[in-house]
Amino acid sequence: MVLLHQQLSSRKRPGINRQFPPPKIPKPTTTTTTATTSVSDESRRPQNDDAEGTDIDKMVSLLAEAGCTLFHPSGPPCLPSNPHSFRRHLHRLFSSSSNASLRSAFLSGFSLYIQSSQNLHRVLLPSNRDGLGPATSESLVRHLLLVPPIQIDLQNVLLEKLPEYFDINPECSGRLSSLDEDVARLIVNHFRWLDFLVDSYAFTNKLLQVLSICPLHLKKEIIVSLPEIIGDQNNKAVVDSLEKMLQEDSAIIVPVLDSLSNLNLDNQLQEQVVTIALSCIRTIDAEHLPYLLRFLFLSATPTNVRRIISQIREQLKFVGVASSCTVKHSKLKGKSTLGNTNASILDALRSSLRFKNILCQEILKETKCIERVQDHKVIDIWLLMLIYMNGESLQKSVEKIFKKKIIEGCIHEVMINQCIGGNMELVQDYFSSFLSLSEYLLACKEQKARDFGIHMYSILFEEFVDTFSRQEILGALVTHVGSGISFEVTSALDTMIMLVSKCVLDYLEGFSVENLHKVYEFFSHLAILGRSRENFFGSSISNELFMIVRKQVNSPDLKYKKMGLIGTLKIVSCLVDANISTCPAPSMQANSEEALELLKASLESCKQFPLPLILFYDELITMLDCRSVQPAIVDWIGKHVGEFESMFLSDLEGGQLSVKDMYCGLEGELMMNLDGDISPICLNILPLVLSSLQSPSNLQILPANFLLLSTIERLANHGSLGGIDALLGCPLHLPSSKGDCLQSLTGKQKHIVCLSLYYATNWIRELLNAFCTQVIGRFACTTQATREEMIVKLFKRLRNLLFLESLLNNSLKLYPLSLPELHLHVEHSGFQPNLVGHVEKKTYESLSSSKKRKDRKMSKASKDSGIDGKLRQPTIFDVLKKAGATTSQGTPNDDSSALSPKCRTSESADQHTYDTNKNISLEVSAIFKVLEAQRSKFRPLLVDCFSILTFSTNQDSCCPDPSAELPLHLYLLRDIRHKLDFFSPPSKAFSAQHFSAPPGLSGVTVRQFLAKITPLFPTFKKHFNAAVSILKEGNENCEEHWKVQYASAGNPDIPNVVLSRSSVCTSVFKEILHCFNKMLSLADVNLDKQILSDLLEAFQPLKISDSIFSGLQPVPLPGTIEYLYCGAYSFVEDVLDLACSFSFMLASEALLTLESIATSIMKFNDTLMQRNNRSTSMGSIEAVLPGLRSRLSTSSHKILMHNWDNENSENSVKSKGEIMQKILQVYLENSESTSDLLHELACSILPQAQSPKTTEEDDYHGFPTLCPATFNIWYRVLHEENLAILNKLVKEVVHSEKRRAAVQLDIVEELLTKLQKSVNVLVSLVDMCRTHEKVTVHAMAVKYGGKFVDSFLKIHFQMHNELVIQLVKELQKATRTIQTLCAEAKGLKQTVITSKIPSTKRSMERFLFRVKALLHTSSSECTFWMGLPGNLKHKDLMGQVVSSQAYMDDQNDNNNNPEEPTAEEEQCAGDASDEEDREMG
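*Asks:* Describe the overall build of the protein chain, and please don't skip the residues or the numbers.
*Replies:* Each helix and strand in the protein chain was counted, giving 63 helices and 12 strands. Expressed as a percentage of the 1481 residues in the protein chain, the buried residues total 52%. Pairs at least 24 residues apart make up 76% of the contacts formed inside the protein chain by residues separated by at least 6 positions.

Structure, rendered in structure tokens:
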């Protein structure tokens, strides 16, 4: 043993990091135990304690004789390799009666030895086995406890040591300790699963005594371990002891239940245990309830199941009855602790009921036997639902019990509210069961059951707001509706109405205006219908609807007031609809009175606020136009608008003002008088603008008030506006044009001028809206003479409108101003604009704080420079203004007293100094860019106004446009295009932003709009021909026509008003083609053959060229849709030839129109195929397309080959990148062979245009539009088209490979051969980066190169080894360059490129491994070889080796000169370098 101990002394137990100091003991008096030379310091005794030392030495000696080395220097004691022999030896030794003293000495020595906590810890830890190295076994104490003669004594010793470690609580130490570190748990663990107990009774009593004084954490540990410690013996004592401890401390309920469930109890003890558990239901914490319920249900037997169910029903206070408010306040970090407890309780009940059918049967019996209403509880509903969810066999029984209890009034709505309301997370798992039960109840014959089912549907719909759940609920209701059973259908419909009334009305804030109209109209019909029916939910809807709209109308928030006004007018329109004949006369009179009360209340609530009042007027107009309203309502509205004259008009004497006053230093003047001296009235704009500076403006409501007035006038006079026709020609009282120019005015005067022009502009717009109804033939009350006179006046008013808008546009350039809104335009984004709409407040509050600070600095600088301002240094603001720049927000600080109610005559100190001699020209045909930024605030032109395009005031022709009407038509065409843009947005993002219809199109569908403008199609071509004719003539001989017509309209004589006829004609050309293009792209046009035919027929040439029909057999017949398509294409194609001689923009617009025609043919053909339900189209419509596509490619080639005058901004292709890109795409996509054309452009044409050339060398590659300025556009388009071709080819290859046919392999090989061209294109494009220094070009090469590789990897390499290897060899030229680009971009920190590197690198890595796999599996001579890092050279784009961190020593490179690595190696090196960079970064 000495030798063995010396050999194992240096070994360590694996997994134990602690180091034990070698224990030391005093030298023994005898020399028989020389193997042990020391003991621990803790066990060292004084020399006078010889007896104790002798006992320890005796114990050590006995262990050594049995083969155990107690003092192991590096860990626990070392046991012999055969522990059974060890135990047998000790058993034999201590069993002998002659060795009683030896046994006592051993126990005494062991007790003395473990008085040291370190020694106790050592003997409790797993021991090393002698001869087995690091292998571990049971501890020494464990083996000693299996020696019968000493077991009970050792148990007592260890139990008595246990209290010494009560103070150590691992839960309070802040860290989780392992079992080896906790001595108390180690001791307890040694009592578990012993092979035998010598004296079970004594040990159990001793253990329970110690257990009663243990701390909570250790007590739980011992209680859980009791079945494993004492086995099946002494269960009575254990149960009694646990019951007593449970009464003292309920915190140990969970371990007690766990322990009791593992004991093998007889029937009597089992009943005692059940009684103990039932007594804890009321006192137990809610979080422990699931364990208690699970224990009770598992303990249920036929003899005690009724008692268990009854006690649970009586004593369990299910926390699910808490109100939703309580649940809300108990939430922590978004999750409810109460809800989690509920869920745990339900899970415990559900799992128990699933596996014990006896419980389900007893619950059903117990529920049936309950008679009194007050005895029914929420837990009963949950128990029934759990049974309903678990087993289909019991579902019918549960349904019958539910129905019976509901009919008897035992289960009522409050109980189901407590189950579901506010407990969505709890009910989530049981949603389908509740829904299924609702379906059953709604289909019952009994009214009470159906009402309860309606309530369940309602509360489920309110509680579950996710889309899936609500769709399930609505789907179930639809199933009820389709059942055909009368009472079931009625209940389902009533449920739907209730859901809509309770839920939809709560979400009105997120609705657009169109949706608000639909929702309120729906509810208004339901509310009115419900008044005449009994037992119908309509009456409740009526009350709720009226309450909601009244609250909304009286809300100070504009968003809610808007909703309330829309709702009120919808209710009124349903109440007073004269076409509704279902109501008796008394009821209709009551409805009329109620409608009047609603109108008066709404008017009173918004009388002081212009914007809500404008909405009120607009809604009234819509109601009057769409419905036949009762006379009482019309009379009331007529009385209200009768105040128009006194509010806005002034009387004239002989066509002149009786008194001429000055308004804040501005002289007033009557302008645009179409009736001359006989005009009796004028529109009093200037005085009203001045008064609006101190109070809410009446002028804001002027346009809407007038439109309402005209609507009432038409209703009262059978469509005639003869009673107010004086307003069409009456003059406008505006600031005089004879005074100083705008630059010389003060800030307040400029403000007045701009507002006057703004209100005058919108007045003219509403005049056009109102009086155009008189000339379009809708009403027969207008004579021909009156109609012709009115047309002349409308043209004049349109000229006034152009003049006013051009003047206002230039005024706003000089004096930026936020214009007041003239219609309510509020989206539901939480923004609350000013209700009053006070001009000054809105204007000056729009100034940013930084702008105000800047203005203060400018003002201070001005004062410091001198009073007259002549020495003031010009600011950047002045420079921008002189340059004609536009400021989107803010007003210059021209006048510090601009908000003062009193006008001041001298404000020169505060106003800016401008060059008053500078004349600002008013281009009436130009786009008013400043106004367009605020166009949404203007009153819209209605669709009826576009009828002006069909009229002409002079048919005599001295020129194509003798009446100078093209500028007027251009103005209307631009408005049509804006409206078409709404129906056909240019992008999805645009469509998402414009979810509400723009002004003038609210409630108008695409088909309605098309129906109104279809008569205008021939007029479009007429004006188009006129514009083309003027462009052909190329002279300005008839410019005087405009001046004459301009003066006849009453416009003031301003010398700097100009009109460029060429600009007008060019714009008309573009606008008509753009409108034609937009209409062809509308889905409704392609679905309606009649509208499509009318549109195409309007753009037919006088004669269609025969060449367009070449190759078509048979030739399309005139009048067919194919013929019309060819004719329209021929017409636009002829125009393209002309446009190329004028403008690049005109030519590009014509080309895009040609593309739209070709696209429309495809869409129309698809529509025919869908309607005929055929996979192939019939007729010659599809045969037309190839020829047109070929001609389209030729036309685009013509534009690209045209030598445009780049000095002319209109013809410069440098600033038309997006259009140039589109033209190039059309050229490539419609060519006969796109891949061949791409190959030619990328490999031959594009490389010649990489650097700037001289003028003489510009055309050496044949494409004047390809120059250094447009190189990026061409480069990107070639990449995109090449990638598109690759994707198409890859799809074909993959599709063909799936068939696995021998014939198909030939097709695949042919497709792979075509792929070679795409690879060549990529290689050529990427290779251009070697000589092109633009970072954007490098970035595109990296981006599209990575995408190309991604698509290329979709091919199955192993199926076509040879062909794919050839492609890879060619592709590696590009991948090598891309790797170099990535490396250089990182070094130079070119963020434009580095942002695209990660995705491209991933593609390259995948490519590398796929190629490696291909080369390893191929039988070709190609091999894949990975070189050492020193062999992978870092080269730049020119192929020169550059220094790199990859090279450890340049000398190594000089000594080792292997052959150049392959591309795959360099790719791998690049990838490795990239990974290294990322790790270092």
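*Asks:* Provide a residue-level description of the confidence of the model for the protein chain, including the pertinent values.
*Replies:* Across the protein chain, the average pLDDT comes to 76, with 75% of residues at or above 70. Note that residues 131-135 has pLDDT below 50 and, in this model, seven contacts with residues that lie over four places away or in other chains. In this model, residues 1252-1259 is a region of pLDDT below 50 whose contacts with residues beyond four sequence positions or in other chains number six contacts.

*Asks:* Please set out the packing of helix α10 (residues 216-230) against helix α12 (residues 253-262) residue by residue, giving values where relevant.
*Replies:* Interaxial distance between α10 and α12 falls to 7 Å at its minimum, and their mutual angle equals 10°. Here α10 is positioned roughly parallel relative to α12, judged by the angle of their axes. In this structure, α10 contributes Lys220, Ile223, Val224, Leu226 and Pro227 to the contact, and α12 contributes Pro255, Val256, Asp258, Ser259 and Asn262. A class-by-class count of the residues in the contact of α10 with α12 yields six nonpolar, two polar and two charged.

*Asks:* So what's going on with the environment of Phe1407? Which residues, and what values?
*Replies:* By the element assignment, Phe1407 lies in helix α61 (residues 1397-1417). Under the relative-accessibility criterion, Phe1407 is labelled buried at 1%. Distance in space between the C-alpha atoms of Phe1407 and Gln1372 is 9.9 Å, their sequence separation being 35 residues.

*Asks:* Talk me through the pairing of strand β8 (residues 666-671); I want residue IDs and the actual numbers.
*Replies:* Examined bridge by bridge, strand β7 (residues 662-663) and β8 share two bridges and lie antiparallel to one another. Looking at the pairing, Met662 lines up with Glu667 of β8. Counting the residues in the hairpin turn of β7 and β8 gives two residues, including Cys664, whose phi is positive at 55°. Pairing between β8 and strand β10 (residues 732-735): four bridges, direction antiparallel. Paired with Gly668 across the bridge in β10 is Pro735.

*Asks:* Just give me the short version of the packing of aromatic side chains, but keep the residues and values in it.
*Replies:* Per the counting criterion, the structure on display carries 25 aromatic pairs. Seen from their ring centres, Phe94 and Phe106 are 5.0 Å apart, and the 45° between their planes marks the pair as tilted. Of this pair, Phe94 sits in helix α3 (residues 83-95) while Phe106 sits in helix α4 (residues 100-113), and the two are 12 residues apart along the sequence. Here the two residues Phe94 and Phe106 agree in accessibility, since each one is buried. Pairing Phe983 with Phe1009 gives two aromatic rings, centres 5.1 Å apart and planes at 40°, and the pair type is tilted. With Phe983 in helix α43 (residues 966-983) and Phe1009 in helix α45 (residues 1006-1013), the pair connects residues that are 26 residues apart, well separated along the chain. Per residue, the accessibility class of Phe983 equals that of Phe1009, and both read buried. Three or more aromatic residues joined by ring pairs form one cluster here, namely Phe1024, Phe1069, Phe1076, Phe1099 and Phe1131.

*Asks:* An account of the packing of helix α13 (residues 267-279) against helix α15 (residues 305-315) is needed here, citing residue identities and associated values.
*Replies:* Running from amino to carboxyl end, α13 crosses α15 at an angle of 10°, the nearest separation of the two axes being 11 Å. Overall, the two elements α13 and α15 adopt an arrangement that is roughly parallel. Every residue of α15 that contacts α13 at Glu271, Val274, Thr275 and Leu278 is listed here: Arg307, Ile308, Gln311 and Gln315. Of the residues that constitute the contact of α13 with α15, the class distribution is three nonpolar, three polar and two charged.

*Asks:* Describe the pattern of salt bridges, naming the residues involved and giving the relevant values.
*Replies:* One pass over the structure, following the stated rule, counts 35 salt bridges. Between Lys161 and Glu164 there is a salt bridge, with its nearest N and O atoms 3.0 Å apart. Under the relative-accessibility criterion, Glu164 is labelled partly exposed at 49%. In this structure, a network of salt bridges that share partners links the residues Arg765, Glu805, Glu932 and Arg935.

*Asks:* Account for helix α7 (residues 148-161), with residues named and values stated.
*Replies:* In this model, α7 (14 residues) spans 20 Å end to end at C-alpha, consistent with the 20 Å of a helix rising 1.5 Å per residue. Every buried residue of α7 is listed here: Pro149, Ile150, Gln151, Ile152, Leu154, Gln155, Leu158, Leu159 and Lys161. Elements that come into contact with the buried residues of α7 comprise α3, α4, α5 (117-124), α6 (140-145), α8 (183-190) and α9 (200-212).

Definitions and cut-offs
Residues numbered from 1 in each chain as written. Predicted model: local features only at pLDDT ≥ 70, side-chain atom pairs only at ≥ 80, totals over all residues. Heavy atoms only, no water. Helix = DSSP H or I, 4+ residues; strand = E, 2+ residues; numbered from the N terminus. Buried < 20%, exposed > 50% of the residue type's maximum accessible area, 1.4 Å probe, protein only. Contact = heavy atoms within 4.5 Å. pLDDT = per-residue confidence, 0-100. Axes fitted to C-alpha atoms, helices over the stretch in contact; angles between N-to-C directions. Parallel < 35°, antiparallel > 145°, perpendicular 65-115°, else oblique. Nonpolar A, V, L, I, M, F, W, Y, C, P; charged D, E, K, R; others polar. Pairing = 2+ DSSP bridges. Phe/Tyr/Trp six-rings, centres within 6.5 Å; stacked < 30°, edge-to-face > 60°. Salt bridge = Lys/Arg side-chain N within 4 Å of Asp/Glu carboxyl O. Expected span 1.5 Å × (residues − 1).

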